[in-house]
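Chain residues, written in single-letter form:
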Amino acid sequence: METGNEGTGGEHPWRPGDHILWRYRANGARHFHICRPVTVVRDTPDLLAVWLAPGTECVRPVLADGTPPHLEPLATRYTKPRATARCRWLGNGLLKLARPGEPWSIWLFWDRDWRFRNWYVNLEEPRTRWSGGVDSEDHFLDIVVYADRSWEWRDEDEFAQAEMAGLLDAGQVARVRAAGQEALRRISSWSLPFSENWPSWRPDPRWRRPRLPTDWGRPMPSATAPSQPDRLPDRLPDHPRAS
């Protein structure tokens, strides 16, 4: 079983078509408030690539009354009590690319006709890998990158408000800003993965959507837990629909 710091690939990499969980902890807390079952595209020592299929059942944060956070005024968006809700991933699916140790993951979006729309640099904590998936914590601030190599910041207002609400301290803010600047240097030099032909990638039509397990929020096994097989014995089974 692989736990601890992110070690994509390695002795027991996931195989293309395996189902794993991509989760985010709630900021300033230990519990998870985002969970996305995904299909492994590639798992090497240099890259983890996963596919979030359209219609996949996921978990997202909501306000305690069920209101989506983006509908709440920014001033109170991060201070009102929250809960989680199940939802379906809309749109044409999402490809996520993550390199070990980098404080971001890079997402690719397409329109329904598979016309490439944009890359999305999601600033986040470097992922922690365990036998059933990867865990991280979102850092609010993001960068949208277009096919012509132009880019723009996204969610700067939410990033500032999260700091005001105490979800990020001054040290974290500085580290996230530094990570963003490093990401911009990668974009400017058009280095990996932008220089690869990922916009032309397509999912295997034989893949089925992974299901959302009932224990999606279970804690990551600790490194001191009893030894278990390198692969999850109850591998998330292939299902034509999540239910």
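Given the structure is predicted, the values throughout are model-derived calculations rather than measurements.

**Q** Before we go on, may I ask you to explain the side chain of serine 136 in this structure?
**A** Residue placement: serine 136 occurs in strand 10 (residues 133-145). Taking the relative accessible area as the measure of exposure, serine 136 reaches 0% and is therefore buried. Separated by 2.5 Å, the side chain of serine 136 and the backbone oxygen of glutamate 125 make a polar contact. Once you skip the residues sitting within four places of it in the chain, serine 136 turns out to touch Arg23, Tyr24, Arg25, Glu124, Glu125 and Arg127.

**Q** I keep staring at the layout of surface pockets and nothing clicks. Help me out?
**A** Over the atoms, a rolled probe matching the size of one water molecule traces out where space is still vacant. Reported here for the largest pocket is a volume of approximately 1300 Å³. In terms of lining, the largest pocket is formed by 42 residues, of which the most central are Ile34, Arg36, Arg60, Pro61 and Glu158. Contributions of two or more residues to the lining of the largest pocket are made by strand 2 (32-44), strand 4 (57-63), strand 5 (82-88), strand 7 (104-110), strand 8 (116-124) and strand 10. Sort the elements by how many residues they give to the lining of the largest pocket and strand 5 lands first, with five residues. Across the lining of the largest pocket, the residue classes tally to 21 nonpolar, ten polar and eleven charged. Counted as a void, the second largest pocket has a volume near 240 Å³. Along its surface, the second largest pocket is lined by Arg25, Ala29, Arg30, Phe32, Thr128, Asp135, Gly217, Pro219 and Met220.

**Q** So what exactly am I meant to see when it comes to the confidence of the model for the protein here?
**A** Segments scoring low in pLDDT should not have their predicted coordinates read at a detailed level. Per-residue confidence for the protein averages 88 on the pLDDT scale, and 86% of its residues sit at or above 70. Low pLDDT (under 50) marks residues 1-5, which in the prediction has 20 contacts with non-local residues, meaning those over four places away or in another chain. Across residues 223-243 the pLDDT falls below 50, and counting only partners more than four positions away or on other chains, this stretch makes 40 contacts in the model.

**Q** Looking at this structure, how should I read unusual backbone geometry?
**A** The phi torsion of most residues other than glycine is negative, and most of the peptide bonds are trans. Here the bond from leucine 192 into proline 193 is cis, since omega is 5°, no more than 30 degrees from zero. With respect to the helices, strands and loops of the structure, proline 193 is situated in the segment after helix 2 (170-189). Positive phi, normally seen in glycine, also occurs at phenylalanine 140, with a value near 70°. Secondary-structure assignment places phenylalanine 140 in strand 10. Phi angles above zero are rare outside glycine, and aspartate 155 is one such case at about 70°. Since its relative accessible area comes to 23%, aspartate 155 is described here as partly exposed.

**Q** Would you take a moment to explain the side chain of arginine 23 for this structure?
**A** Checked against the element boundaries, arginine 23 lands in strand 1 (residues 19-25). Within the structure, the side chain of arginine 23 is placed 2.8 Å from the side chain of aspartate 135, a separation counted as a polar contact. From its side chain, arginine 23 meets the backbone oxygen of arginine 218 in a polar contact 2.7 Å long. Once you skip the residues sitting within four places of it in the chain, arginine 23 turns out to touch Phe32, Ile34, Cys35, Trp130, Val134, Asp135, Ser136, Trp216, Gly217, Arg218, Pro219 and Met220.

**Q** What is the right way to read the pattern of salt bridges from this model?
**A** Opposite charge on two side chains makes pairing possible when the charged atoms of those side chains draw close. The full count for this structure, using the stated rule, is 18 salt bridges. Between arginine 99 and glutamate 102 there is a salt bridge whose closest N-O contact spans 3.6 Å. On the basis of relative accessibility, which here comes to 26%, the residue arginine 99 falls in the partly exposed class. Among the salt bridges present, the one from arginine 186 reaches glutamate 102, with a minimum N-O distance of 2.6 Å.

**Q** Is there a simple way to explain the nonpolar core in this structure?
**A** Counting 33 residues, the largest nonpolar core has Leu95, Val121 and Trp198 as its most contacted members. Elements represented by at least two residues in this core include exactly strand 3 (47-52), strand 6 (94-98), strand 7, strand 8, strand 10, helix 1 (156-164) and helix 2. Sequence-distant contacts of tryptophan 198, defined by excluding residues within four places in its chain, comprise Val41, Arg42, Leu47, Ala49, Leu95, Leu97, Leu108, Trp110 and Pro193. Membership of the second largest hydrophobic core comes to 20 residues, among which are Trp14, Val38, Leu48 and Val144.

Calculation rules
- Residues numbered from 1 in each chain as written.
- Predicted model: local features only at pLDDT ≥ 70, side-chain atom pairs only at ≥ 80, totals over all residues.
- Heavy atoms only, no water.
- Helix = DSSP H or I, 4+ residues; strand = E, 2+ residues; numbered from the N terminus.
- Buried < 20%, exposed > 50% of the residue type's maximum accessible area, 1.4 Å probe, protein only.
- Polar contact = N/O pair within 3.5 Å; in protein donor to acceptor, adjacent residues only side chain to side chain.
- Contact = heavy atoms within 4.5 Å.
- 1 Å grid on protein atoms, 1.4 Å probe; cavity = no way out; pocket = protein on both sides within 12 Å on 5 of 7 lines; lining within 4 Å.
- Points joined across faces, edges and corners; volume = space filled by probe spheres on them.
- Nonpolar A, V, L, I, M, F, W, Y, C, P; charged D, E, K, R; others polar.
- pLDDT = per-residue confidence, 0-100.
- Salt bridge = Lys/Arg side-chain N within 4 Å of Asp/Glu carboxyl O.
- Core = buried A, V, L, I, M, F, W, Y, C linked by side-chain atoms within 4.5 Å.

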